[in-house]
Amino acid sequence: MTTSPAESSAPSFAMPEPGRSGRLPEALRRRLHPDPTVRRLAGITLVNTVGNGLSLSVAVLFFTRVLGLSAAQLGFGMTAAGLCGVVASVPAGRAADRWGARRVLVALVSAEAVGTAGYVFVHSYPAFVLLACAVSAVDRGSSAARNALYAEVLPADRRVAGRAHLRVVTNIGICLGTGLGAIALQLDTRAVYLSAILADAVSYVAVAFLLHRLPVVAAPAAASVAAESRDRAGTPGVSGTEGGSGAAARSGAANPSDPVDKGVKQGRGNPALRDGPFLAVTALCSVLGLQFAVLEVGVPLWIVQQTAAPRITVAGSLVVNTLMVIALQVRATRGTEERTAAARACRRAGLLLAASCLVLALAHGLPGILAAVVVLAGIALQSLAEVMGQAGGWALSYDLAGERGHGAYQGVFNAGTAAALMAGPALVSTAVIGYGPAGWAVLGAVLAAAGLAMGPAVRWAGRRDARLPAA
């Protein structure tokens, strides 16, 4: 990846630069990303996801055994928290446009550190629900701001590849954190569970510090929002945001390729909510996002309740998925920077997910070992679909936003993802597992339809852009 002089002159937080004191071994240096900005983001991501993996491993036992919640209480609290996460994504994205993605992200991550540590002091169910809702809101809001930050610090033609690299690091970090969580589960004491939660809170503090020091050379959306505010007030000022700005940001000039300036009415509201093609793509990506509920909820329930496969197949499915994502995610992004190619990637993802559902359904009634093999084959197909769908979705979420309003667009896109994560487990566990192979067939048809509909949605955006003169 390329990087601006201002970015490359700052110190790297992930690893020391080759050629300086503390030179890295050659074998390790070859494995690092060539862009120092991506390396910094990778270091931040690793710290964050190790903490997340640790807390996720112990969360259920912490809530039920330490806080004394019942399964029903935990389920209701998590559902309410998920809804708050959906609602928080959109305003968080708008805030990133107005005040800068890095500044908003640092504030949200800092709040998440405080909220996570707050679980240690919870002694009543209402307090748990309120805190869980607050933590979920800042977590999903930080996800929207983080995606907008990637648009600010990474070149447009390299964002998808950069996010793919960070997703690989995410999987590695979660694996490392889960390993630490396994130790905590084995020790199985109140003090250890409390320490794990506090360790996750400390990781958020470290992430906030590293993000604060991350250089941001241009924040075009924030600059243009500030320029518009000055124009409405009739007061002069110098455009620019954290670290500087380009000519377009200084002038507030419209970007001819920007959907905010092409067919989306201007106003004080959220432009992404008035962008029909973008909303269609967001909805379709949300449907494809049901694959995560299939992996995390549907497949374990299917294995245990409806097949003769050994229960260890549940762990095997997660291992297969993780290894395939680590091995293939970066490769899956190649060529997806162009929107029609990204739409094709989503279409293939939908068809592969449909095939995965049919294969998983075939495990019903088979002998144990054969059922396990069939389930793992279905997981392999789903993993291929996952890397393709994620690459295509990332590309479209940035491409359809143009180069302004990334916070607004990523906020809406992230709200769709959060909605799928909230509704997916209940949908898969009742409407799919409850109806056996027929349920899998219906889900497969829905996923295939979502993938096939991505092409028409993207062509809709193209027709809209073609009808409008360049600014």
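Okay, so let's go over this structure. (Residues numbered from 1 in each chain as written. Predicted model: local features only at pLDDT ≥ 70, side-chain atom pairs only at ≥ 80, totals over all residues. Heavy atoms only, no water.)

A complete count under the given rule lists 4 salt bridges for this structure. The shortest N-O distance in the salt bridge between arginine 65 and aspartate 188 comes to 3.0 Å. In this pair, arginine 65 sits in helix H3 (residues 36–66) while aspartate 188 sits in the loop between helix H7 (159–187) and helix H8 (190–212), placing the two residues 123 residues apart along the sequence. Between aspartate 399 and arginine 339 there is a salt bridge, with its nearest N and O atoms 2.6 Å apart. (Salt bridge = Lys/Arg side-chain N within 4 Å of Asp/Glu carboxyl O. Helix = DSSP H or I, 4+ residues; strand = E, 2+ residues; numbered from the N terminus.)

Turning next to the nonpolar core. Val281, Trp440, Leu443 and Met454 are the most contacted members of the largest nonpolar core, which has 52 residues in total. For this core, the secondary structure elements donating two or more residues are H7, helix H11 (276–288), helix H12 (291–306), helix H14 (339–362), helix H15 (368–399), helix H16 (406–432) and helix H17 (436–467). Once residues within four sequence positions are removed from consideration, leucine 443 is found in contact with Leu290, Val294, Cys357 and Val432. Judged by nonpolar contacts, the second largest core, of 32 residues, contains Val104, Leu149, Val169 and Leu210. (Core = buried A, V, L, I, M, F, W, Y, C linked by side-chain atoms within 4.5 Å. Buried < 20%, exposed > 50% of the residue type's maximum accessible area, 1.4 Å probe, protein only. Contact = heavy atoms within 4.5 Å.)

Our focus in this paragraph is a positive patch on the surface. Together, Arg344, Arg347, Arg348, Arg459, Arg463 and Arg467 line one region of the surface with positive charge. Contributing elements (two or more residues each) for the positive patch: H14 and H17. Looking at the secondary structure, you find arginine 463 in helix H17. (Patch = residues over 30% accessible without salt bridge, like charges linked within 9 Å, V, L, I, M, F, W, Y side chains within 5 Å. Areas by Shrake-Rupley, 256 points an atom, 1.4 Å probe, with all protein chains shown as cover. Lys, Arg positive; Asp, Glu negative; His and termini not counted. Charge placed at Lys NZ, Arg CZ, Asp CG, Glu CD.)

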